[in-house]
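Breakdown of the fold
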Amino acid sequence: YYTDPDGNLWTARDVRQGRSVTLEPAAAPEFNRWLAAQKARFATRNRQRLERTATRHGHFLASSGGVPAIETLRSIDWTETGAVLTGPVAAP
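This report concerns the structure included in the present document. This is a predicted model, so every value here is computed, not measured.

1. Some words on unusual backbone geometry
Most peptide bonds are trans, and most residues other than glycine sit at a negative phi. Although it is not a glycine, Asp-14 adopts a positive phi angle of roughly 55 degrees. With respect to the helices and strands, Asp-14 occurs in the loop between strand S2 (9-11) and strand S3 (24-25). Residue classification places Asp-14 among the exposed positions, given a relative accessible area of 54%.

So, in structure tokens, the structure goes:
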């Protein structure tokens, strides 16, 4: 999802590094469902950070599944991994 400088919400699927994508208008209810699902993955502090990030104009929010797990204790057996990515979009 991308919120442009005017506050309009856009979406794209299957975004990959080095490839162009075409953005399509996104419906706010769809975005809000996605955002709620992402926030549910976190504890309070990171939920609040994600909520603040979601209102930034000129920024994107994305999620990805199947990312490599971080090295932790050997007693932790990762069964599912994912990431939430966010940042500003720079004009070419």
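2. Description of the packing of aromatic side chains
Counted by the stated rule, this structure contains three aromatic pairs. On the numbers, 5.0 Å between centres and 70 degrees between planes, the contact of Tyr-1 with Phe-31 is edge-to-face. Of this pair, Tyr-1 sits in the segment before strand S1 (2-3) while Phe-31 sits in helix H1 (residues 28-39), and the two are 30 residues apart along the sequence. For the residue pair Tyr-1 and Phe-31, the accessibility class agrees, reading buried in each case. Overall, the relative accessible area of 14% leaves Tyr-1 in the buried class.

3. A few points about a positive patch on the surface
A surface patch of positive charge is lined by Arg-45, Arg-49, Arg-52 and Arg-56. On the secondary structure map, Arg-52 appears in helix H2 (residues 44-53).

4. A closer look at the side chain of Asp-4
Along the polypeptide, Asp-4 turns up in the loop between S1 and S2. In this structure the side chain of Asp-4 is engaged in a polar contact, spanning 3.0 Å, whose partner is the side chain of Trp-10. When neighbours within four sequence positions are excluded, Asp-4 is seen to be in contact with Trp-10, His-57 and Gly-58.

5. Considerations on the environment of Glu-80
Of note, Glu-80 is situated in the loop between strand S4 (59-65) and strand S5 (82-88). Along the chain, Glu-80 and Pro-68 lie twelve residues apart, while their C-alpha atoms are 9.6 Å from each other.

6. Focus: the side chain of Thr-3
When you line up the elements, Thr-3 lands in strand S1. Take Thr-3: its relative accessible area is 9%, and that puts it in the buried class.

7. Some remarks on the packing of H1 against H2
Their axes nearest at 9 Å, the elements H1 and H2 cross at an angle of 155 degrees. The orientation of H1 with respect to H2, classified from their angle, is roughly antiparallel. The element H1 and its partner H2 pack so that their crossing is right-handed. Residue-level inspection shows Leu-35, Gln-38 and Lys-39 of H1 in contact with H2, the latter providing Arg-47, Leu-50 and Glu-51. In terms of residue class, the contact of H1 with H2 is built from two nonpolar, one polar and three charged.

What counts and how
Residues numbered from 1 in each chain as written. Predicted model: local features only at pLDDT ≥ 70, side-chain atom pairs only at ≥ 80, totals over all residues. Heavy atoms only, no water. Helix = DSSP H or I, 4+ residues; strand = E, 2+ residues; numbered from the N terminus. Buried < 20%, exposed > 50% of the residue type's maximum accessible area, 1.4 Å probe, protein only. Phe/Tyr/Trp six-rings, centres within 6.5 Å; stacked < 30°, edge-to-face > 60°. Patch = residues over 30% accessible without salt bridge, like charges linked within 9 Å, V, L, I, M, F, W, Y side chains within 5 Å. Areas by Shrake-Rupley, 256 points an atom, 1.4 Å probe, with all protein chains shown as cover. Salt bridge = Lys/Arg side-chain N within 4 Å of Asp/Glu carboxyl O. Lys, Arg positive; Asp, Glu negative; His and termini not counted. Charge placed at Lys NZ, Arg CZ, Asp CG, Glu CD. Polar contact = N/O pair within 3.5 Å; in protein donor to acceptor, adjacent residues only side chain to side chain. Contact = heavy atoms within 4.5 Å. Axes fitted to C-alpha atoms, helices over the stretch in contact; angles between N-to-C directions. Parallel < 35°, antiparallel > 145°, perpendicular 65-115°, else oblique. Left-handed = near helix turned anticlockwise from the far one by under 90°. Nonpolar A, V, L, I, M, F, W, Y, C, P; charged D, E, K, R; others polar.

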